[in-house]
Structure formats: C-alpha cells, structure tokens
Amino acid sequence: MSDGHGSTPDTPPGWASNQPPPYGDAPGSPWTAPGSGPGAPPPPQPPQQPYGGQAPYGGQAPYGQPPPSGPGPYGPPPHGFPPPHGFPPPPAMRPGIIPLRPLGLGDILDGAIKLIRSNPKTILGLSAIVAALGAIPVAIGQAVVIGDLGAGINDPSLLENSQDIGFLAQYGGTLISYAVQFVAVTLLTGVLTRILGRAVFGGKMTVGEAWKLTRDRVPTLFGLVAIGLLAMLLPMVVVVLLIVGLGAAGADFGALFVVGALTMLGFIAYALFITTRLALAPSVAVLERRGVVDSLRRSWNLVGGGFWRTLGILLLTQLITALVALVLSFPFSIMAFVAGLIGQGSTGSRIVTAILIAVGGTVGAMITYPFQAGVNGLLYADRRMRAEAFDLVLQTAAIEQQRQGWVHASADDLWDPSITPGGPGRYDQTGRGAPWHDS
C-alpha cells in the first residue's frame, strides 16, 4: 500500500493520483484535527439534524427532543426574537411576595398569604390587637344574652324580664364594636399597606417604621372611610323614606313589596359599583401620598379599565374571609354557648362565655384583616402594572437592589409617581439620587 502520495491500483477512476492523507494520520500532519492523533479518543459527533443536517432556526433542538442545558449550538434565540413555539417564556422576577408582572388571581391570593408569612410577628401581632378590640364588645353582649338563656331554663320569668337588657347588650355591643373597628381597622389598613409596599421588593418593616411612615396618612384614611359611609348611607335613607312615604300614602302591601324589592336591588348594584371603583383609594392614599379627593379620583380611574375583574376578586375575597372566620370561630362559639347554658346565668359562666367568644372572634379576624388588606393592595399594584406598565419600573429597581444586595428604604418612593415620574434613574424631590440610580 502506498504512503498516500503515489498512484495505487485502488485509486478510484477520475481521482488525482496526489491525494492528501486521511484524517487522523501521522502526528504533525497538516490535516490532523486538533486534539487527535494515535490513541486519542474520537471527537464527539454532533447530533443528527433534520432538513439536511442543519440546525433549526434559532439553534433549537430537533422537534420532540428537549434542548440540552448550558452553552452550545442550542443556545437562546437571537436578541429581539420571541421564544420558539412550544417553549414557555422565562419567569418574571420575584424578589418579594409577587412576581413583577401583571398578576393573575392566583398571584394575588398567594401574595396576600405570603404577606402574612413574610413578617408574621408584626402583621399578626397588630391584627390580633385590632381584632381583640373589635371582638370584646360583641363578646360581652353575646355573653349576657346566652347567660340569660341559661338562667331562663329553670325560671322562665327571668327570661321575660331580661329581654330588654339582652337586646341592649347585644346590639349595643355590636354598635360599640363597629365604632372601634372604624378607628382600629382604618389604622391597621394603612400600616399593612405600607408593609406590603416594602414586601413587594422582599424587604421587611418594623411596627415603629411602618407607623412612622403611615401616621401622616391617618387623616386621609379617616376621610376616605367617612366618605364611603356617606356614599352608602345617603341612598339607603332615600330608599327608606320612599317606602315610608308610599306606606303613608295608602299603598297596598303588594306595591310596597315590589317597590321595596326593586329599590333594594338597585341599592345593592349601586353599592357594589361604588365600593369597587373606590376600593383602591386607601392604597393610593398611603403609597402615593395623595389627599382624599385625589385618592378617590385615582382609584376611580385605575379600576375603570378592569371593573368586572376587580369586582369578582373583591367578592371572592369576601367569601373566602367569611368562610375562614366562620371555621376558626365556630368551635369557640359552640363552647361558649354550651358554657353559658350549663352555667345557667352565673357570673363565672358569663365570663367564660365572653372570653371564648372574644378569642374566637380574635382568631378569625387576625387572619382575615391582613388577607383583605393584602388583596386590596395587590389589586392596586396589578392595576398600575396593567394600565401604566408599572412592572417595568419595579423590575428595574429590583435588579439594582439585587446588585446592591439589600432593599433600601427609599424603594418606598417608587410607588409615588410624583417622586419617580419616569421610573428608576430619577432624582427625588429633595435632590438626592434614589438608591436604584445608575450613577
């Protein structure tokens, strides 16, 4: 056999007699592949490709085969092109309780739960205090009523004589509870909204810091609650006066029933519409630091593009919180009722009954209060992401915070459009660069 430079009988017809040596020949041959030689392992063969051996567009793996990880011929598609068909887009950033993109229903509910889990001592502690303040007056009134029922088992005359006292105790305690909740729940909503604003970036906030940032918003929050109550009470007064006027004019029962049913349906529709359009006002007041009128107008405009979705999520949240509160408080209510009946109106049984009812109400409300506040706050964030592309602002800030390795307190300013009108990279009103500034 020849050394490859001479003519041999094995040379195919039409080939030149002077042929280069084959691959993998003697060491030092100019045709030797790098890293090969006698005894070297054969180089890895690339996988077979469809369409004549060429990789599909974008360097993706053949159909039906998962792309291998790491660098190689199956890297990502060129910049500016969408992901190939069949492959999900990359997940959004999630430095805190929510992904920084427009939120789905599951994201909002999960984010509200993660808000509680992110800072349980602060959130559950504050919620427990507020829940106890609202539950104690109701518990006292119900303990009096249950104690009277227990005492009337042996002596029915005592039950007849105590009906007026029981009525005042029960409904008087409820009115006192509403008054306490008007103040306490309003303050709690503001504090929890401020904590949520930091938790979106993965940061935490103490009770003192949250209160320091929220206390100047308290008058605005009370103003929002007062306007909301007036918006509900005035139409209700009109409905009652209309029915009373028809009755005084001699209308029959059928007419009164029809008018009453239609007006109540109209009032329910009105109440759902108004409460939904103004549901984001507390979040606006706290996070954007706006006044009462501006907060109401801002909430009205944000909800306008997604009214039915917002209404559905709020109604679902009310249903969830009602069921959770019922499940958590039901065992305590049963034990309180049994204790009141067995005690037959004794002072000790009334005290035990009141304690059990108060504990049940506190346990249920300390979970539902922050959950509702979290859902409202995340609905506000979602509406801004969908209407204003606010998720891009949050993503840019989150990238800078990850680079720095911590969440600066000035990240709270991102929620205020007057301070960061163009998103990250701007200076605040004091002239100081925000921590996410590129300089």
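Residues numbered from 1 in each chain as written. Predicted model: local features only at pLDDT ≥ 70, side-chain atom pairs only at ≥ 80, totals over all residues. Heavy atoms only, no water.

**Some points on the overall build of the chain**
Thought 1: Looking only at helices and strands, the chain features 13 helices and zero strands.
Thought 2: Starting at the N terminus and ending at the C terminus, the chain contains elements arranged as α-α-α-α-α-α-α-α-α-α-α-α-α.
Thought 3: Here the chain holds 439 residues, and 36% of them are scored as buried.
Thought 4: Per element, the accessible surface of the chain, about 24,600 Å² overall, is 68% carbon and sulfur. (Helix = DSSP H or I, 4+ residues; strand = E, 2+ residues; numbered from the N terminus. Buried < 20%, exposed > 50% of the residue type's maximum accessible area, 1.4 Å probe, protein only. Areas by Shrake-Rupley, 256 points an atom, 1.4 Å probe, with all protein chains shown as cover.)

**Things to note about the environment of Asp 391**
Thought 1: By the secondary structure assignment, Asp 391 is in helix α13 (residues 390-404).
Thought 2: Taking the relative accessible area as the measure of exposure, Asp 391 reaches 10% and is therefore buried.
Thought 3: For the pair Asp 391 and Leu 100, spaced 291 residues apart in sequence, the C-alpha separation works out to 5.5 Å.
Thought 4: Discounting residues that sit within four places of it in the chain, Asp 391 has contacts with Leu 100, Arg 101, Pro 102 and Met 385. (Contact = heavy atoms within 4.5 Å.)

**Concerning the pattern of salt bridges**
Two side chains of opposite charge can pair, provided their charged atoms sit close to one another.
Thought 1: The full count for this structure, using the stated rule, is 16 salt bridges.
Thought 2: In this structure, Arg 289 engages Asp 416 in a salt bridge whose closest nitrogen and oxygen atoms are separated by 4.0 Å. Placement of the pair is Arg 289 in the loop between α9 (281-287) and α10 (292-304) and Asp 416 in the segment after α13, with a sequence separation of 127 residues.
Thought 3: Taking the relative accessible area as the measure of exposure, Asp 416 reaches 5% and is therefore buried.
Thought 4: When the shortest N-O distance is used, the salt bridge between Glu 388 and Arg 298 registers 2.6 Å. (Salt bridge = Lys/Arg side-chain N within 4 Å of Asp/Glu carboxyl O.)

**Digging into the packing of helix α2 (residues 105-118) against helix α12 (residues 347-388)**
Thought 1: The geometry of α2 relative to α12 is characterised by a closest axis approach of 8 Å and an angle of 130 degrees between their N-to-C directions. The angle between α2 and α12 falls in the class oblique. The handedness of the crossing between α2 and α12 is right-handed. Here α2 contributes Asp 107, Ile 108, Leu 109, Gly 111, Ala 112, Ile 113, Leu 115 and Ile 116 to the contact with α12, which in turn contributes Ile 367, Pro 370, Phe 371, Gly 374, Val 375, Leu 378 and Leu 379. (Axes fitted to C-alpha atoms, helices over the stretch in contact; angles between N-to-C directions. Parallel < 35°, antiparallel > 145°, perpendicular 65-115°, else oblique. Left-handed = near helix turned anticlockwise from the far one by under 90°.)

**A short note on the packing of helix α7 (residues 218-248) against helix α8 (residues 253-277)**
Two packed helices can be described by the angle between their axes and the distance between those axes.
Thought 1: Between α7 and α8, the least distance of the axes is 10 Å, while the angle of their chain directions is 175 degrees. Between α7 and α8, the angle falls in the class roughly antiparallel. In this structure, α7 contributes Ala 231, Met 232, Pro 235, Met 236, Val 239, Leu 242, Ile 243, Leu 246 and Gly 247 to the contact, and α8 contributes Leu 256, Val 259, Gly 260, Thr 263, Met 264, Phe 267, Tyr 270, Ala 271, Ile 274 and Thr 275.
Thought 2: Its residues placed into classes, the contact of α7 with α8 shows 15 nonpolar, four polar and no charged. (Nonpolar A, V, L, I, M, F, W, Y, C, P; charged D, E, K, R; others polar.)

**Focus: the packing of aromatic side chains**
Thought 1: Applying the stated criterion to the full structure yields nine aromatic pairs.
Thought 2: Between Phe 273 and Trp 300, the ring centres sit 5.5 Å apart and the planes meet at 85 degrees, which makes this aromatic pair edge-to-face. Here Trp 300 lies in helix α10 and Phe 273 lies in helix α8, a separation of 27 residues in the sequence.
Thought 3: Given the relative accessible area of 31%, Phe 273 is considered partly exposed.
Thought 4: According to the relative accessible area criterion, Trp 300 is partly exposed, its value standing at 32%. (Phe/Tyr/Trp six-rings, centres within 6.5 Å; stacked < 30°, edge-to-face > 60°.)

**What about unusual backbone geometry?**
Thought 1: Phi is positive for Arg 289, close to 60 degrees, though the residue is something other than glycine.
Thought 2: The class for Arg 289 is partly exposed, based on a relative accessible area of 34%.
Thought 3: Look at Ala 389: it is not a glycine, yet its phi comes out positive at around 55 degrees.
Thought 4: With respect to the helices and strands, the residue Ala 389 is situated in the loop between α12 and α13.
Thought 5: Here Ala 389 falls in the partly exposed class, since its relative accessible area comes to 35%.

**Digging into α12**
Thought 1: The first and last C-alpha atoms of α12 sit 60 Å apart over 42 residues, in line with the 62 Å expected at 1.5 Å per residue.
Thought 2: By the largest-angle criterion, Ala 365 marks the main kink of α12, which is about 25 degrees. (Expected span 1.5 Å × (residues − 1). Bend = angle between axes of the 7 residues up to and from the residue.)

**A look at a nonpolar patch on the surface**
Thought 1: On the surface, Phe 253, Phe 257, Val 258, Leu 262, Leu 265, Ile 268, Leu 272 and Leu 315 cluster together to form a nonpolar patch covering roughly 840 Å² of accessible area.
Thought 2: If you tally residues by element for the nonpolar patch, the top one is α8, at seven residues.
Thought 3: Within the element layout of this structure, Leu 315 appears in helix α11 (residues 307-343). (Patch = residues over 30% accessible without salt bridge, like charges linked within 9 Å, V, L, I, M, F, W, Y side chains within 5 Å.)

**Here we look at the confidence of the model for the chain**
Thought 1: Per-residue confidence for the chain gives a mean pLDDT of 77; residues scoring 70 or more make up 69%.
Thought 2: Per-residue pLDDT stays below 50 along residues 66-80; that stretch engages in 21 contacts with residues further than four places along the chain or on separate chains.
Thought 3: Note that pLDDT drops below 50 for residues 421-439; the model gives that stretch 32 contacts with residues more than four away or on any other chain. (pLDDT = per-residue confidence, 0-100.)

**Let's talk about α2**
Thought 1: For α2, built from 14 residues, the straight-helix expectation of 20 Å at 1.5 Å per residue is met to within 8% by its first-to-last C-alpha distance of 20 Å.
Thought 2: Considered for burial, the residues of α2 that qualify are Asp 107, Ile 108, Leu 109, Gly 111, Ala 112, Leu 115 and Ile 116.

**What about the environment of Thr 276?**
Thought 1: Assignment of secondary structure puts Thr 276 in helix α8.
Thought 2: Put simply, Thr 276 and Phe 307 are 31 residues apart on the chain and 7.2 Å apart in space, counted from C-alpha to C-alpha.
Thought 3: Those residues in contact with Thr 276, other than ones at most four positions away along the chain, are Val 303, Phe 307, Thr 310, Leu 311 and Leu 314.

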